[in-house]
Amino acid sequence: MTGQSVGMRLNQLPGDPGGSTGSLGMLGGQKDLASSPAEKKAAAKAIEDHIEPDTKKAGDWADVETGAAVTAFGAKGGHGWLTSGAVKKAHKTWGDQVQNLMNRLASEKAALRDTNTQLHGTDLGVQSGVRAVSPLDGY
């Protein structure tokens, strides 16, 4: 087999998947994945208490600063910069992206909180289904 190249194997994980883990462990592997009910509750609380308010605060700050830049570059006495309109358009696009991020954070928070309820309900459903069919009940 000398001189032949080794191809990619798709039936296994790479030895070092690389990447970096985010605060909730969603990138680059699952070593920080919140899996217990307490960890999920803590992750949802972190989103609610820190990530959402901090994201909103940063967005509000950017609104004020961008508004000031649009005004500063805007037309005065018939003269102005084309930059003003471009900044305004870019700011609208950015604002839409921030809103999408806020919606995604709210969705992730709700999913973390609902997972335990859904799994518990499924467990109870399986338990009652299995229990109802037991042939040992006749003995």
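On a predicted model such as this, the values are computed, not experimentally measured, just so you know. (Residues numbered from 1 in each chain as written. Predicted model: local features only at pLDDT ≥ 70, side-chain atom pairs only at ≥ 80, totals over all residues. Heavy atoms only, no water.)

**Describing the nonpolar core**
Counting seven residues, the largest nonpolar core is built from Ala-43, Ala-44, Ile-47, Val-98, Met-102, Leu-105 and Leu-112. Secondary structure elements with two or more residues in this core: α1 (37-73) and α2 (82-132). When residues in this core are grouped by element, the largest group, four residues, is from α2. Once residues within four sequence positions are removed from consideration, Leu-112 is found in contact with Lys-40, Ala-43, Ala-44 and Ile-47. (Core = buried A, V, L, I, M, F, W, Y, C linked by side-chain atoms within 4.5 Å. Buried < 20%, exposed > 50% of the residue type's maximum accessible area, 1.4 Å probe, protein only. Helix = DSSP H or I, 4+ residues; strand = E, 2+ residues; numbered from the N terminus. Contact = heavy atoms within 4.5 Å.)

**Observations concerning α1**
Over its 37 residues, α1 runs 52 Å from end to end, which matches the ideal 54 Å to within 8%, given 1.5 Å per residue. In the structure, α1 departs most strongly from a straight axis at Ile-47, where the bend amounts to approximately 35°. Turning to α1, its buried residues are Lys-40, Ala-43, Ala-44, Ile-47, Glu-52, Thr-55, Gly-59, Ala-62, Thr-66 and Val-70. (Expected span 1.5 Å × (residues − 1). Bend = angle between axes of the 7 residues up to and from the residue.)

**A look at the pattern of salt bridges**
One pass over the structure, following the stated rule, counts seven salt bridges. For Glu-48, the salt bridge identified is with Arg-113, shortest N-O distance 2.8 Å. Placement of the pair is Glu-48 in helix α1 and Arg-113 in helix α2, with a sequence separation of 65 residues. For Lys-92, the salt bridge goes to Asp-96, with nearest N and O atoms at 3.1 Å. With Lys-92 and Asp-96 both in helix α2 and four residues apart, the pair spans about one turn of that helix. (Salt bridge = Lys/Arg side-chain N within 4 Å of Asp/Glu carboxyl O.)

**Side note on the side chain of Thr-55**
As for its position among the elements, Thr-55 is in helix α1. Residue Thr-55 is classed as buried on the basis of its relative accessible area, which comes to 18%. Setting aside residues no more than four positions away along its own chain, Thr-55 makes contact with Leu-101, Met-102 and Leu-105.

**What to know about the packing of aromatic side chains**
Scanning the entire structure with this criterion turns up one aromatic pair. Measuring from ring centre to ring centre gives 5.9 Å for Phe-73 and Trp-81, while their planes differ by 70°; the resulting arrangement is edge-to-face. The partly exposed category is assigned to Phe-73, whose relative accessible area is 31%. (Phe/Tyr/Trp six-rings, centres within 6.5 Å; stacked < 30°, edge-to-face > 60°.)

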